[in-house]
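Each chain, letter by letter, is given below.
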Amino acid sequence: MLKKRVSYYYDPDVGAYTYGLGHPMKPHRIRVTHDLVNAYDMLDQMHVLRPRRASPESMSAFHTDEYVHFLNRVTPETAEDLTYHGTRFLVGEDNPAFEGVFEFCSISAGGSIGAANRIASGAADIAINWAGGLHHAKKREASGFCYINDIVLGILELLRTYPRVLYIDIDCHHGDGVEEAFYTTDRVMTCSFHKFGEYFPGTGTQEDRGRGKGKGYAVNVPLKDGITDESFRSVFEPVISKILEVYRPSAVVLQCGADSLAGDKLGCFNLTMHGHAHCVQFLRRQNIPLILLGGGGYTVKNVARTWTYETACALGIEDTINPNLPWSQYFEWFGPRYRLEVAENNMDDVNVKDGSLEKVRITALEQLQGLIHAPSVGMHDVPRQSVGQHLGFKDEEHKRDNLDERLAQHVRYVYDLQESDTTSEDSDDDSWDSDDSEVSIRRRRSARHITKQPTRKRMSLLTGQYFDVPSYEGFSHYECGAPPSKAARRRFFQSSAQWDGNYGRVMLGQNGARVSPGPLGPQHALSALMERGGREAESPGPEDVDDDWDEMMAES
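Residues numbered from 1 in each chain as written. Predicted model: local features only at pLDDT ≥ 70, side-chain atom pairs only at ≥ 80, totals over all residues. Heavy atoms only, no water.

Trainee: Describe the overall build of the protein, listing the residues and the values that go with them.
Mentor: Check the secondary structure of the protein and you find 17 helices and 12 strands. Long-range contacts, defined as pairs at least 24 residues apart, comprise 75% of the intrachain contacts of the protein with a sequence gap of at least 6. (Helix = DSSP H or I, 4+ residues; strand = E, 2+ residues; numbered from the N terminus. Contact = heavy atoms within 4.5 Å.)

Trainee: Tell me about the environment of Met347, and please be specific about residues and values.
Mentor: Turning to its location among the elements, Met347 is positioned in the loop between helix H10 (300-315) and helix H11 (350-353). For Met347, a relative accessible area of 31% translates into the label partly exposed. Through-space distance from the C-alpha of Met347 to that of Gly263 is 9.8 Å; in sequence the pair is 84 residues apart. With sequence-adjacent residues up to four places away left out, Met347 is seen in contact with Asp225, Gly226, Cys268, Phe269 and Asn270. (Buried < 20%, exposed > 50% of the residue type's maximum accessible area, 1.4 Å probe, protein only.)

Trainee: Give a detailed account of the pattern of salt bridges, specifying residues and quantitative values.
Mentor: Following the criterion strictly, the structure yields 14 salt bridges and no others. Between Glu245 and Lys242 there is a salt bridge, with its nearest N and O atoms 3.8 Å apart. Residue Glu245 and its partner Lys242 are located together in helix H8 (residues 229-247), separated by three residues, close to a single helical turn. Exposure remark for Glu245: the relative accessible area of 52% places this residue in the exposed category. (Salt bridge = Lys/Arg side-chain N within 4 Å of Asp/Glu carboxyl O.)

Trainee: Just give me the short version of H10, but keep the residues and values in it.
Mentor: Counted at 1.5 Å a residue, the expected span for H10 with its 16 residues is 22 Å, and the 23 Å between its end C-alpha atoms agrees. By the criterion of burial, H10 is predominantly enclosed, with 15 of the 16 residues buried. Gly316 sits one or two residues past H10 and shows a positive phi near 80°. (Expected span 1.5 Å × (residues − 1).)

Trainee: Can you tell me about the pairing of strand S5 (residues 188-195), naming the residues and giving the values?
Mentor: In terms of residue burial, S5 counts as a mostly covered element, since eight of its eight residues are buried. Of the two faces of S5, the one lined by Val188, Thr190, Ser192 and His194 and the one lined by Met189, Cys191, Phe193 and Lys195 are each fully buried. Pairing of strand S4 (residues 165-169) with S5, which is carried by five bridges, proceeds in the parallel orientation. Directly across from Ile168, in S5, lies its bridge partner Cys191. Taking the sense of rotation as the criterion, the β-α-β connection linking S4, helix H7 (residues 176-181) and S5 turns out right-handed. Where S5 lies against strand S6 (residues 218-223), six bridges are found, and the strand directions are parallel. The residue bridging Lys195 from the neighbouring strand is Leu223, located in S6. (Pairing = 2+ DSSP bridges. Right-handed = clockwise from strand over helix to strand, strands pointing away.)

Trainee: Explain the sheet that holds strand S3 (residues 126-129) to me, using residue names and the numbers behind them.
Mentor: Strand pairing in a sheet is mediated by backbone hydrogen bonds. Such pairs are either parallel or antiparallel. Strand order in this open sheet of eight strands is S2-S1-S3-S8-S7-S4-S5-S6, and the pairing throughout is parallel. This sheet does not close on itself; its edge strands, each paired only once, are strand S2 (47-49) and S6. Sheet twist, expressed as the mean angle between neighbouring strand axes with direction ignored, is 15°. With five bridges joining them, S4 and strand S7 (residues 251-255) adopt parallel strand pairing. Residue pairing for S7: Asp169 is matched across the bridge by Gln255. (Axes fitted to C-alpha atoms, helices over the stretch in contact; angles between N-to-C directions.)

See below:
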């Protein structure tokens, strides 16, 4: 078998976080997996890397600034206030605000981004990040135990180098977050094999095929309870083979959610370890750059067994490893058999009983038949560093000067001030767009007629029950998730400062009026304006303004 260059991402801190007592999601499973991989002496055969933790800026490549900022500062003590009593960001019981949630997200996202960069640079043929695969997270809220969608962030990195990326999801739950992110583009094809029918998240029918340019590039294979290895293989191989033939992806991302295994606490499939790992073996044989990610999986010992075996599949040594488990730190967890296996149980395969599997397979292949050719995209040379990094502006070794530190401090202060601003001033018409454009007028009129907060249905992964949460449709990037008590738009960094081309300076004042820079110079005036949140202070008369401005210009 052809030897592959495999990169393996692992951060030893990932197992130190907990969602809380009794929560089925156990980050510790990644540490157990790593320990078993090490016990099989597989680490020496891979490039083992500790991922660089993802920064808030890198997370905002997909998620909104407001949501990332929330995750960066939420704690169990402040969650009730910051989520507006559980109506935004973290809705329901699925995603608790546990201690260190942002650090956990940065590890998960950092590993997937690092794996994508490793693949894109040509340094690896296969990259593994078992801490990733959190496919339910949305652009502006957490969902289904997932806070940051590391998969989307990794695919966005791949798109900087590759024209087309294929995402495959074999988690028991529909990969709704990733599908939603790329629903309108043909540069990413998403294919999800999942349980459908009164099951979280309640999406993923075969009618969901994409929209606009992405029409036909979202493929869903809804399945029923008890699917076995043979049945799963009979639909997985023909569908993926057809996708590879028609779409011709430049890279593949495989989400190996282990809750599709037999005996999982929250799953309802009947796949063995070998049936699950067959997907990895099949894609490895295609000789396409491949990223393997984790995902769901709530029977910890079976998750560790399967991801260990799939690591061996990536290396091509699955036929040589001993099925009897070697000694490891968590050896007692794998009793009573202590073998590298996950056996099937006696569940009935409903997919075969009612004949639905054949219909699903035929429908999926017919949909793919309608795609005539793979989409093309004009590619350009992608710089390995940004302009700021090239010029040295983002070099962490160079400390920022005093003015930069003061301005950054004021920006943070203004952001916190606007975030906590609950005065009636924000509900006035003046808090809407400052101009009197037709769009602004329509927005103000529509706001006055809001009588009832719209709601949308959300499903809980833990309980399977539906519940209503506020929906803020019509709000733009920063407006979404506005608290129920406010109909007006929240303001972020609005300022009366304007650039004057004649003087080559920032004019600080209402409608461009010049304001005295103050005794400490124009920088202090700008920082003072930022501290006030862009609102005007009591200013001197026009004569005093002109005199002070002329004096400053003469001195400069």
